[in-house]
Structures are given as C-alpha cells and as structure tokens.
Amino acid sequence: MGLNDTPSADRIHIGIFGKRNAGKSSVMNALTNQDIAIVSDVSGTTTDPVLKAMEMLPLGPVVMIDTPGIDDEGELGALRVRKSYQILNKTDIAVVVIDGAEESDEDNALIERIRSKNIPYVIFHNKTDIMPADLTEKSGHYYGSALKKQGIEELKKAIIKLSGTKDDGKRIIADLLKPLDTVVLVVPIDSAAPKGRLILPQQQTIRDILEAGCISVVVRETELDETLKKLGHKPELVVTDSQAFGKVSAIVPEDIMLTSFSILFARYKGILETAVKGAVSLDNLQDGDKVLISEGCTHHRQCEDIGTVKLPKWIRQHSGKNISFDFTSGTEFPDDLSGYRMVIHCGACMLNEREVRYRYRCAEESGVPITNYGTAIAYMNGILKRSVEPFKDIYDLLK
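An account of the accompanying structure is given in this report. Note that the structure is a prediction, hence the values are computed from the model and not measured. Here the residue index of a chain counts from 1 through its sequence in written order. In view of the model being predicted, local features appear only for residues whose pLDDT reaches at least 70, and side-chain atom pairs are presented and counted only at 80 or more, with totals across whole chains, interfaces and linings using the full set of residues. The side-chain quantities take in all heavy atoms of the structure and omit both hydrogens and water.

### Concerning unusual backbone geometry
The residue K149 is not glycine, and still its phi comes out positive at about 60 degrees. Think of it this way: any DSSP run of H or I at least four residues long counts as a helix, any run of E at least two long counts as a strand, and we number them from the N terminus. In this structure, K149 sits in the loop between β6 (141–143) and α4 (152–163). Residues other than glycine seldom take positive phi values, yet L180 does so here, at roughly 75 degrees. Relative to the helices and strands, L180 is located in the loop between α4 and β7 (182–186). Relative accessibility thresholds used throughout: buried, under 20% of the residue-type maximum; exposed, over 50%; partly exposed, between the two (1.4 Å probe, protein chains only). Residue L180 is classed as exposed on the basis of its relative accessible area, which comes to 64%.

Structure, rendered in structure tokens:
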C-alpha cells in the first residue's frame, strides 16, 4: 500500500487551531506547499473544518485539518467554535497559530484545553514580518510568516519530532499467523455491500495477511461450507462479517478458530476488552432504557441498514424489552451520555485511534457500557467466547 493509499484512519492527524485571522489557513498551505485552504483578510473565512489527506514529507501520510477560529461570535460562531473543539478529539498533533508575539486569553485557554487532552502541540507565532523589532522569542515557540514561508521549515521539523515513530508494530491479523497459514474471509455480498468493491476493513485485513506471507481465501457465506471441504486442510482461522456471524458459526467446525472483522479492528484500535465487557450489558437492559447507536461515518441509509434497522430489532429480540434508540453518525457524538443505558458503536474503520479512544473514554467516564457492532452481534448469537478465542487475555475474561 502506497502513501497515497493509506486509509485516513491510519494517518497522523495534524490539526491547526487559533483565533480568527491568525493565519491558520496560510500556515496549512505553507506546510503542505499547496493552496488547500482559502486565505482571506476577512475574519472567519474558514467556517467549517477542512480536512485534506496528503503526504507531508518526510513525515509521510497525514491528514491536515484547518479549523474555524476559536473566538468566533454569535449563534453561528458558537457552533463553529464547537466544531473546532470537536476536531481536537481526533487530533494527534496540534499546531496553535497565534497572531503576533503575545498569546491572548483565548490562545491560553486553547492551549490549556489541548494540554488537558494530552495532545502533543507546537505554538507558531505568525506574521513576524510585521512584528516589532524588539520581539523576545520564547523557548519552545516558533516564529515566522506563513505567507512569506518564513519559519515554516522549523515548524515542520517540530511537528515531525512530535510525531515520533509512525510504525508502532501493531497488526490487524498478521501477529496471529505463521507463514503459509490459511485464512478464510467470509464476505457477504448483499444490497448493503458497496458495488464493485470490498469495504475498507476487508481490504486492510487481506493486505495484512498477504504481508505476513499467508494465504487468503475470500468467499461468500453461501459458498463457505463447500470451500472448507475443497481446501483439503483446516484453515488456521476464519474471519467473518459480523452480520453473518450466526450462519458462519454453524458451518465452521469448533476446532477451527473463528472471529470477525469488527473484533479484529476493536483489538487493533485498543478497545476490545472494553467492548467485550460492554456487550455483556445487553442482558441488563430494561423497559424504557435508551440505547445510543453511533457510526463514525455517514452513508446513504438502506431499508435493511445494520445500525438503524437490524441492530435495534436484534437488541429488542435479545432483551425482550421495549428499548428506545437514538442514532448519530459522522463527527456527531454527544458530549453528555448520562441519559443512555448503553452505547453501541460501529467498527470505526473511518476513525483514527485517538477519536475512537475518546468516544470509549466518554462512555466509561459517564458509567455507560459501550461495545461495537461485531462484539454485540457475537454476544447475542451466543458465540462471543468462541470469537475471542485467538486473544487469550480477552478470552479469559469470559471464563
């Protein structure tokens, strides 16, 4: 997979924050050597976050995010400020752009908010070409002019230093395999499947299997039984789409390990243990409880949509209770979860690890159990214990 093919969720997210007219868009353009963001002398030109996936050499694949000013005013301004602060939840490195030599109260409040979220950050004082000659530079701060490309290389080096290493050694599935192991991937093709392509988690899993020097066999659930017979040997692992979990579990012999794409990615993003513990809470739902079902991306809803149609039906059947549901998608995620009995999140393939962990942490701090689609479906099918068998530490939680 080349740099340009790196999924957004696996890219370093660099957010650019500051007051209106501090030059955030100019800094973004200067860092990328592209005219990505609109630059204007008019305050508040950037009214919505602007995200651009690109290469920032020598750092590699990144997502650059230009944000509205944190000092915007009025009813619409307040909404824009909220959008900017929401971007912090997915920001791996923050660049604080200050208009002039001295930080304002708004700048300092922003810096404190970034610190409270433990986000690595760098401060860039923009427009030094029009600053007084007696400017006293502060250690750890960077100074320059985005429009004149002054100080930009130093700023870029600081960002690269904060990024650390890009390769943390985590694998989706390869660490569970030995060279030449066979993995059968079960990929249903129905009305909800994207026409002409596989969804991102399936693509990434196949790539990880190939990089491990292993054999990937991709089939629909309708051909799974015959495929297992024709292989001539037992595969080391079967991975299925969550929606086919029940059917696939009935076909795959008990002596073959079985898991799902959703569970693999929950482990990859570091939230599998929380998701497993949260799934058990499905047994505690009562009449009148409210459940939040949240998705990390936006897409056209279909008549048999898993989030808004199938999951609510399955949860009501499993619990036997009259449950109500709220739904969110994309960047929208409630600040206050106290009104919910539990949260069920999608596999979050389009969210980076920082934002996924933020959402799970919000639930944990609110005392609200949280799980994901695949883990919940496995639990309701009575096969969660089997589906986490490849991960001994998680498997032991269900003994």
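### Quick look at helix α2 (residues 74–87)
How far a helix is expected to stretch is found by multiplying one less than its residue total by 1.5 Å. Taking 1.5 Å of rise per residue, the 14 residues of α2 would be expected to cover 20 Å, and the 20 Å separating its terminal C-alpha atoms lies within 8% of that figure. All of the buried residues in α2 are G77, V81, S84, Y85, Q86 and I87. The inward-facing, buried residues of α2 contact β1 (12–18), β3 (60–66) and α3 (105–116). We call two residues in contact whenever any of their non-hydrogen atoms come within 4.5 Å of each other.

### Looking at the pairing of β1
Burial analysis of β1 places seven of its seven residues in the buried class, the great majority of the element. By the alternation rule, side chains of β1 split into I12, I14, I16 and G18 and H13, G15 and F17, which are all buried. By this definition, two strands are paired if DSSP reports at least two bridges between them. Pairing geometry for β1 and strand β4 (residues 93–99), over five bridges, is parallel. Note that in β4 the partner of G15 across the bridge is A94.

### Some remarks on the sheet that holds strand β14 (residues 370–372)
The strand order β12-β11-β13-β14 describes an open sheet built from four strands, whose pairing is parallel. Lying at the two open borders of the sheet, with one neighbouring strand each, are β12 (324–328) and β14. In this sheet, neighbouring strand axes are inclined to one another by 25 degrees on average, regardless of whether the strands run parallel or antiparallel. In the sheet, strand β13 (residues 342–345) pairs with β14 via three bridges, with the strands oriented parallel. Across the sheet, residue V343 finds its bridge partner in β14, namely I370. Angles shown run from 0 to 180 degrees and are taken between the N-to-C directions of axes, each axis being a line fitted to C-alpha atoms and, for helices, limited to the stretch in contact. Contacting β13 and β14, helix α9 (residues 272–279) crosses the sheet at an angle of about 105 degrees to β14.

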